Structure formats: structure tokens, C-alpha cells
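If you want the building blocks of each chain, they are given just below.
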Amino acid sequence: MTTKFRPLHDRVLVKRVTEEEKTKGGIIIPDSAKEKPQEAEVIAVGNGKVLEEGKRVALDIKTGDRILFGKYSGNDIKLDGEDYVIIKEEDILGVLTK
């Protein structure tokens, strides 16, 4: 990514992880039948949420984390020809670890 982008406050920039083109049984899934993946890699994070009293709370998510997020969460954007999603931290369901 050549364009510098930093999300504001409690927003997170993620890139969806590509899904398999085939099922386990070997059937190829056409693009029209695929659902958008809900797993993504965190590309950039904001500085944190600002509370009413002005105190900033840091995010639990960091760059490089693999996350799961809600099916209808976030806003799709395109930067330098690549597709990304900007979501709020509260829309993140969890962090995947190996």
C-alpha cells in the first residue's frame, strides 16, 4: 500500500482474507454464490476511543492481528486499487490465534 492511511479514533482498517474457490468436495464456487469473508487482517488502527471526560482508551487490536467481524459491519473502500474495510472496534467479534 503506497498511500498512507491512519484511521481515526476507534476505527480499524482491515483487508479481507480470501476464501477458497472450491468446497472440500472439489466443487468450484462461482463468484455470484460467494459470500464476503468475515475474516480479515488488521492493516492500521486508530489512536483509540475518546471518552466523554476527554480520556483516550487504547484499542485492544494491533496491526497484523487476524480478526473476525460481523457480516454487515464496516464500510468498503478502495485504496491504490486494493479493497479494504473500515470498521469500528466494537464491531470486531474476536482475534484469531494459532
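The present account deals with the structure reproduced in this document. Everything numeric here is computed off the predicted structure, so don't read it as measured data.

1. Section: the nonpolar core
Turning to step 1, where the next piece is worked out: Residues Val12, Val14, Ala40, Val42, Leu59, Ile61, Ile67, Phe69, Val85, Ile87 and Ile92 constitute the largest nonpolar core, which totals 11 residues.
Turning to step 2, where the next piece is worked out: Broken down by secondary-structure element, the contributors of at least two residues to this core are strand S1 (11–16), strand S2 (39–45), strand S5 (66–69) and strand S7 (82–88).
Turning to step 3, where the next piece is worked out: Among the nonpolar cores identified, the runner-up in size contains 5 residues, and Leu13, Ala44, Tyr84 and Ile86 belong to it.

2. Concerning the pairing of strand S6 (residues 75–79)
A regular strand places its side chains so that they alternate between the two faces of the sheet.
Turning to step 1, where the next piece is worked out: When S6 meets S7, the two strands line up antiparallel, connected through 5 bridges. Note that in S7 the partner of Leu79 across the bridge is Glu82.
Turning to step 2, where the next piece is worked out: Hairpin connection from S6 to S7: 2 residues lie between these consecutive antiparallel strands, with Asp80 at a positive phi of about 50°.

3. What to know about the environment of Phe69
Turning to step 1, where the next piece is worked out: Structurally, Phe69 can be placed in strand S5.
Turning to step 2, where the next piece is worked out: Separated by 25 residues in sequence, Phe69 and Gly94 have C-alpha atoms that sit 7.3 Å apart.

Parameters and conventions
- Residues numbered from 1 in each chain as written.
- Predicted model: local features only at pLDDT ≥ 70, side-chain atom pairs only at ≥ 80, totals over all residues.
- Heavy atoms only, no water.
- Core = buried A, V, L, I, M, F, W, Y, C linked by side-chain atoms within 4.5 Å.
- Buried < 20%, exposed > 50% of the residue type's maximum accessible area, 1.4 Å probe, protein only.
- Helix = DSSP H or I, 4+ residues; strand = E, 2+ residues; numbered from the N terminus.
- Pairing = 2+ DSSP bridges.

Honestly, it's all geometry; don't read function into it.
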